[in-house]
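Inside the fold
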Amino acid sequence: MEGEFRTDFVRSPTALKHHPALVLNADYRPLSYYPLSLWPWQEAVKAAWLDRVDIVAEYDTVVRSPSTQIKIPSVVVLKDYVKPQKRVAFTRFNLFLRDEFRCQYCGAKGDLTFDHVVPRASGGVTSWQNVVAACSPCNLRKGSKALHLTGMGLRKPPRQPGAEELRNTGRKFPPNHLHESWMDFLYWDAELEA
């Protein structure tokens, strides 16, 4: 037994790793749709204990301390309203989200990079109005040539998106897992079928 460390007595709470809480603003809308505003269950329990959130839905799983037992929250609502940002940061993620994770030359999904429509070598700047999502083959094909010399076209002209526009675009890309208790809060303003 020398040199060995026994781990069979250590409990691994793996089941509790998979209980994220959907975080809603005080107006009952998610703080963000993509990425979806989620907290680990520990943060949700802590926020509830500190009276910073109201719990509106729970999992069937409970956590215990020596003196308390609480069901793990699945949906929490902030007690104080957090004002959404109006300015959209110019990031790779937001650029891909604006372009709906598609190459703006051929429409392909998947392995994306970004491309300067007016190449930097020709005086193009790195801005919302000059950068688009592009797949590697299209990016290589275009290279540092002007767009009109390549025979390629853009699916839509690049422009700076608004914060609300990006939030609405993000709703088209739900995460891999949506708990049933979240559905009423994620799609409460979706158009109903007749």
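Residues numbered from 1 in each chain as written. Predicted model: local features only at pLDDT ≥ 70, side-chain atom pairs only at ≥ 80, totals over all residues. Heavy atoms only, no water.

1. A closer look at the overall build of the protein
Check the secondary structure of the protein and you find 6 helices and 6 strands. The buried share of the protein, reckoned over its 194 residues, is 37%. In the protein, of all internal contacts separated by at least 6 residues, the share reaching a separation of at least 24 is 61%. (Helix = DSSP H or I, 4+ residues; strand = E, 2+ residues; numbered from the N terminus. Buried < 20%, exposed > 50% of the residue type's maximum accessible area, 1.4 Å probe, protein only. Contact = heavy atoms within 4.5 Å.)

2. Section: the nonpolar core
Ranked by size, the top nonpolar core spans 20 residues in total, and within it F96, C103, Y105, L112 and C138 carry the most contacts. Listing elements by their share of this core, those giving two or more residues are helix 2 (92–98), strand 6 (131–135) and helix 5 (163–170). The greatest single-element share of this core, amounting to 5 residues, is contributed by strand 6. Judged by nonpolar contacts, the second largest core, of 15 residues, contains W41, V45, F185 and L186. (Core = buried A, V, L, I, M, F, W, Y, C linked by side-chain atoms within 4.5 Å.)

3. Digging into the confidence of the model for the protein
Taken as a whole, the protein shows an average pLDDT of 85; of its residues, 85% reach a score of 70 or greater. Between the elements of the protein, mean pLDDT differs from a low of 76, seen in helix 6 (residues 183–186), to a high of 96, seen in strand 6. (pLDDT = per-residue confidence, 0-100.)

4. Let's talk about the side chain of N25
Summarising the element assignment, N25 is placed in the loop between strand 1 (21–24) and strand 2 (38–39). If we ignore the near neighbours within four places in the chain, the residues touching N25 are L31, V77, L78, D80, Y81 and V82.

5. Concerning the sheet that holds strand 4 (residues 69–78)
Across the sheet, 4 strands lie side by side as 2-1-4-3; this open sheet has mixed pairing. Two strands in the sheet have a free side with no partner beyond their single neighbour: strand 2 and strand 3 (53–64). Note: strand 3 against strand 4, 8 bridges, orientation antiparallel. Within strand 4, the position partnered with I55 by the bridge is V76. (Pairing = 2+ DSSP bridges.)

6. Topic: the environment of C103
If you trace the backbone, C103 turns up in the loop between helix 2 and strand 5 (112–116). Residue classification places C103 among the buried positions, given a relative accessible area of 0%. Expressed as a C-alpha distance, the spacing of C103 and L154, which sit 51 residues apart in the sequence, is 9.0 Å. Contact partners of C103, with chain neighbours within four places excluded, come to A108, L112, A133, A134, C135, C138 and R155.

7. A look at the packing of aromatic side chains
Scanning all chains against the criterion turns up 2 aromatic pairs. Pairing F90 with W128 gives two aromatic rings, centres 5.0 Å apart and planes at 70 degrees, and the pair type is edge-to-face. With F90 in the loop between strand 4 and helix 2 and W128 in the loop between strand 5 and strand 6, the pair connects residues that are 38 residues apart, well separated along the chain. Ring plane angle 65 degrees and centroid distance 6.1 Å describe the contact between F93 and F101, whose orientation is recorded as edge-to-face. (Phe/Tyr/Trp six-rings, centres within 6.5 Å; stacked < 30°, edge-to-face > 60°.)

8. Quick look at the pairing of strand 6
Across the 5 residues that make up strand 6, a large majority, 5, are buried. Here strand 6 shows two buried faces, one formed by V131, A133 and C135 and the other by V132 and A134.

9. Quick look at the pattern of salt bridges
The full count for this structure, using the stated rule, is 8 salt bridges. Put simply, R29 and E164 hold a salt bridge, and the shortest N to O gap is 3.7 Å. Taken together, the residues span a long stretch of sequence, with R29 in the loop between strand 1 and strand 2 and E164 in helix 5 at a distance of 135 residues. Judged by its relative accessible area of 30%, R29 is partly exposed. Owing to a relative accessible area of 37%, E164 belongs among the partly exposed residues under this scheme. In this structure, K79 and D51 form a salt bridge, with 2.6 Å as the shortest nitrogen-oxygen distance. (Salt bridge = Lys/Arg side-chain N within 4 Å of Asp/Glu carboxyl O.)

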